[in-house]
Amino acid sequence: MADRQEVTIIERLGTVDRRYVFLLIAVAVIIPLIVHYTTAIPTSAIVQSLFDKIESMPPGSKILISFDYGPSTEPENQPMANAVTRHALEKGHRIYLVALWATGPRQSQKLIDDVIKVEFPDKVYGVDWIHLGYKAGNQGLINTLLSDFRTMYTTDISGNAIDGLPMMKDIHTLRDFDLIIGLGSGFPGTKEWIQFAGDPGDIPVGGGTTAVMAPLLYPYYPKQMVGFMGGLQGAAEYEYALVKIYPKYAMRSRIASTTMGPQVTAHLVIVGFIILGNITFLIEKRRKRKYR
Amino acid sequence: MILDAQPILSSPLANAVGVWIASLLTLMIFSFLYKDNPFYKFAEHLFVGVSAAYWMCVGFWTTLIPNMIARLWPSHMGGVLPAVVGNQREWGYVIPLVLGLILLTRLVTRIAWLSRWAMGFVIGFAAGTNFTRYLQSDFVSQIHSTMVPIYEPGATTAATIGNIFSQIVIVGGVVSALIYFYFSKEHKGIFGRTARVGIWVLMAAFGASFGYTVMARISLLTGRMGFIIQWISGSSW
């Protein structure tokens, strides 16, 4: 009788409707969002390295930020862009926004509307920051920019000739930048910035990608990449490092940190299902051996 | 006068309409988790259509116009790119124009073979450019990064022990994983045991990759859920 009951439970667990799994994951994500459950994510060495690089550069350094992603990965990539831009402008660096993806300029525009114009209204367009927009060509574009930046970028995104913009005066090739930050979610992205700009041009390259891409980028650190943010956790770690040094950003620089709470609960549910699946698998295996 | 970048949705009404459309489309996509339905199909087809149209428009206005038309006929760009009106015509851009046009001959079966010239140029350029860079960045530099000294003078004892352990794991992991893929010798004896270690290394790598993939998907789900909550409650989360 006991054996019969055990079989029924195992069979039920093995054939559980997957929609219950979806429902549990949804609950595990929604509840922490509603109750604002967050977790502290201490900064890892690889993220700290990128932070330290921006922190240590003299004010006025030129940072190229490339938006190589679109709305589909905004939850992961946008907090990275926000945190890095906040830090760079706080330090008085000049930032150049470009994109290897056609969907990138919308994301950089979002950064401008949400961060630059709101938190740094005193920063002047064309002097402290510039929006250069998207250019086609993938790695071919980077290759060209390495030898002549102005061949491809003759105007900014609004059609202004770059010759009339003060912060473009010293820019002739990619080598004129002090740091390149590639924020991406696929091809072309951070990897191509390393391969076609960082390595041949000896230009410091850092970046951040979606978590799916992250394992492919870690081998480039530390020799070919100064630092790196892997997925939402990387963004949360950068926010943590930023708020630690600049507490005034505690309320604004917390998008990634806020969404790490649901990450924890959703992962607990997934780990629970993996353990449950393995237990039922082992019990079923033992049962089959017993009745063989 | 320098034109500043323009906001995405300038009026509150346009913003509200955009949020409602985005939220309803998100719910339509999520409805597939229950079962396939017409709402999901509608949202899916709309997404494909809008994506294709978006890429075409962006490609036209950000690539064809500034990189081709504006260089060959700069004086005609007054209404689009005033900054280039006074520029000299760059005749070299006739070559990509011709290559681009013959790429379209694929649409006419009788002369479709012409498009191979343009494709050959694209593939040849990509192969030639990628070969050298991949060889340098992903092969030579990665070998260099693997062969690092296990002892660094001046480091603390704890750091040295950690460093030695890390380097042994990296070098041992790389060598054993490579041995697993070496099929010219039978995987027996010490060679077979090393290959077995290689499998464990690969499994650990795949596990890490899978873990990151889960994190990425949950991040995207969190982003969408946050958007929905924001839509329902009318506040930021």
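What counts as what
- Residues numbered from 1 in each chain as written.
- Chains lettered and ligands numbered in written order.
- Predicted model: local features only at pLDDT ≥ 70, side-chain atom pairs only at ≥ 80, totals over all residues.
- Helix = DSSP H or I, 4+ residues; strand = E, 2+ residues; numbered from the N terminus.
- Rg over C-alpha atoms; globule rule 2.2 N^0.38 Å.
- Buried ≥ 20, exposed ≤ 12 C-beta atoms within 10 Å, placed from the backbone.
- Contact = placed C-beta atoms within 7 Å.
- Nonpolar A, V, L, I, M, F, W, Y, C, P; charged D, E, K, R; others polar.
- Domains from an automatic or database assignment.
- Core = buried A, V, L, I, M, F, W, Y, C linked by C-beta atoms within 7 Å.
- Pairing = 2+ DSSP bridges.
- Axes fitted to C-alpha atoms, helices over the stretch in contact; angles between N-to-C directions.
- Parallel < 35°, antiparallel > 145°, perpendicular 65-115°, else oblique.
- Left-handed = near helix turned anticlockwise from the far one by under 90°.
- Right-handed = clockwise from strand over helix to strand, strands pointing away.

Peer 1: Residues and numbers for the overall build of chain B, please.
Peer 2: In terms of regular secondary structure, chain B is built from 6 helices and 0 strands. The linear arrangement of helices and strands in chain B, starting from the amino end, is α-α-α-α-α-α. Relative to a compact globule of 237 residues, whose C-alpha radius of gyration would be 18 Å, chain B shows 28 Å and is clearly more extended. Oriented by its inertia axes, the alpha-carbon framework of chain B measures out at about 70 × 55 × 50 Å. A buried classification covers 9% of the 237 residues belonging to chain B. Taking the intrachain contacts of chain B between residues at least 6 apart in sequence as the baseline, contacts between residues at least 24 apart amount to 20%.

Peer 1: Tell me about the overall build of chain A, and name the residues and values.
Peer 2: When helices and strands are tallied, chain A shows 11 helices and 6 strands. The C-alpha extent of chain A, read off along each of the three principal axes, is 85 × 40 × 30 Å. When burial is assessed residue by residue, chain A has 47% of its 292 residues classed as buried. Relative to all contacts within chain A whose residues are 6 or more apart in sequence, the contacts with residues 24 or more apart total 74%.

Peer 1: Any chance you could break down the interface of chain A and chain B for me, citing the residues and the numbers?
Peer 2: Each side of the interface is counted separately: chain A has 55 residues, and chain B has 45 residues. With 6 residues, the top contributor of residues to the side of chain A that touches chain B is helix H2 (residues 18–35) of chain A. For the side of chain A that touches chain B, the residue count by class is 25 nonpolar, 21 polar and 9 charged.

Peer 1: Got a sec to walk through the domain arrangement of chain A? Specific residues and values, please.
Peer 2: Taken as a whole, chain A is organised into domain 1 (2–38 + 259–290) and domain 2 (45–253). Using only C-alpha atoms to locate each centre, domain 1 of chain A and domain 2 of chain A end up separated by 40 Å.

Peer 1: Break down the nonpolar core for me, with residues and values.
Peer 2: Residues and elements named next belong to chain A. If you look at the biggest cluster of nonpolar residues, it comprises 83 residues, and the most contacted ones within it are Ile 65, Ile 180 and Tyr 238. In terms of residues, this core owes the most to one element, helix H10 (residues 231–245), which gives 7 residues. With residues up to four places along the chain from it excluded, the contact list for Ile 180 reads Leu 64, Trp 193, Ala 197, Gly 198, Ile 203 and Val 205.

Peer 1: Please give an account of the sheet that holds strand E3 (residues 129–134) of chain A that cites residues and values.
Peer 2: Residue and element names in this part refer to chain A. Pairing in this open sheet of 6 strands is parallel, and the strands run E3-E2-E1-E4-E5-E6 from one edge to the other. One side of each edge strand has no neighbouring strand; the edge strands of this open sheet are E3 and strand E6 (227–230). Strand-to-strand twist in this sheet, taken as the mean axis angle between neighbours without regard to direction, amounts to 15°. The sheet contacts of helix H5 (residues 104–119) involve strand E1 (62–68), strand E2 (94–99) and E3, and relative to E3 the element is tilted by about 160°.

Peer 1: Tell me about the packing of helix H1 (residues 12–30) of chain B against helix H6 (residues 189–233) of chain B, residues and numbers included.
Peer 2: Residue and element names in this part refer to chain B. Packing of H1 against H6 leaves a shortest axis separation of 10 Å and a crossing angle of 130°. For the element pair H1 / H6, the angle class is oblique. Seen along the crossing, H1 lies across H6 with a hand that is left-handed. Across the interface between the two elements, Val 19, Ser 23 and Thr 26 from H1 touch Arg 224, Phe 227, Ile 228 and Trp 231 from H6. Broken down by class, the residue content of the contact of H1 with H6 amounts to 4 nonpolar, 2 polar and 1 charged.

Peer 1: Please set out the domain arrangement of chain B residue by residue, giving values where relevant.
Peer 2: If you check the domain split of chain B, you get domain 1 (12–89) and domain 2 (148–233). Relative placement of domain 1 of chain B and domain 2 of chain B: their C-alpha centres are 39 Å apart.

Peer 1: Residues and numbers for the environment of Val243(A), please.
Peer 2: All names here are of chain A. Looking at the secondary structure, you find Val 243 in helix H10. In this structure Val 243 comes out as partly exposed when scored by C-beta crowding, with 18 C-beta atoms within 10 Å. When the C-alpha positions of Val 243 and His 87 are compared, they lie 9.8 Å apart, and in sequence the two are 156 residues distant. Excluding its chain neighbours within four sequence positions, the residues that come into contact with Val 243 are Tyr 249, Ala 250 and Ser 253.

Peer 1: Give me the lowdown on the pairing of E6(A), citing residues and values where you can.
Peer 2: Residues and elements named next belong to chain A. The alternating pattern of E6 places Gly 227 and Met 229 on one face and Phe 228 and Gly 230 on the opposite face, and all of these are buried. Here strand E5 (residues 205–209) runs beside E6; their pairing, made up of 4 bridges, is parallel. Directly across from Gly 207, in E6, lies its bridge partner Phe 228.

Peer 1: How would you sum up the packing of helix H8 (residues 190–201) of chain A against helix H4 (residues 115–146) of chain B? Please name residues and give values.
Peer 2: One can describe the packing of H8(A) onto H4(B) by two numbers: an axis separation of 9 Å at closest approach and a directional angle of 80°. By the criterion of interaxial angle, the relationship of H8(A) to H4(B) is roughly perpendicular. Contacts from Ile194(A), Gln195(A), Phe196(A) and Asp199(A) in H8(A) reach Arg133(B), Tyr134(B), Gln136(B), Ser137(B) and Ser141(B) in H4(B). Looking at the contact of H8(A) with H4(B) residue by residue, the classes come out as 3 nonpolar, 4 polar and 2 charged.

Peer 1: I'd like a description of the environment of Val50(B), backed by residues and values.
Peer 2: Looking at the element boundaries, Val50(B) is found in helix H2 (residues 38–72). Taking the C-alpha atoms as reference, Val50(B) lies 41 Å from Ser141(B); in sequence the two are 91 residues apart.

Peer 1: Could you give me a rundown of unusual backbone geometry, with the residues and numbers involved?
Peer 2: Residue and element names in this part refer to chain A. A cis geometry characterises the amide bond from Phe 187 onward to Pro 188, with omega recorded as -15°. With respect to the helices and strands, the residue Pro 188 is situated in the loop between strand E4 (179–184) and H8. The amide bond that connects Tyr 221 to the next residue, Pro 222, takes the cis arrangement and shows omega of 5°. Of note, Pro 222 is situated in the loop between helix H9 (214–217) and E6. Phi is positive for Asn 138, which is not a glycine, with a value near 50°.

Peer 1: Talk me through the pairing of E2(A); I want residue IDs and the actual numbers.
Peer 2: All names here are of chain A. With 6 of 6 residues buried, E2 lies mostly within the body of the structure. Neither face of E2 is open: one carries Arg 94, Tyr 96 and Val 98, the other Ile 95, Leu 97 and Ala 99, and all of them are buried. The sheet contact formed by E1 and E2 spans 5 bridges and is parallel. Opposite Leu 64, over in E2, you have Tyr 96 as the bridge partner. Following the chain from E1 across helix H4 (residues 74–90) to the adjacent parallel E2, one finds a crossover that is right-handed. Once the chain exits E2 it traverses H5 before rejoining the sheet at E3, and the crossover so formed is right-handed.

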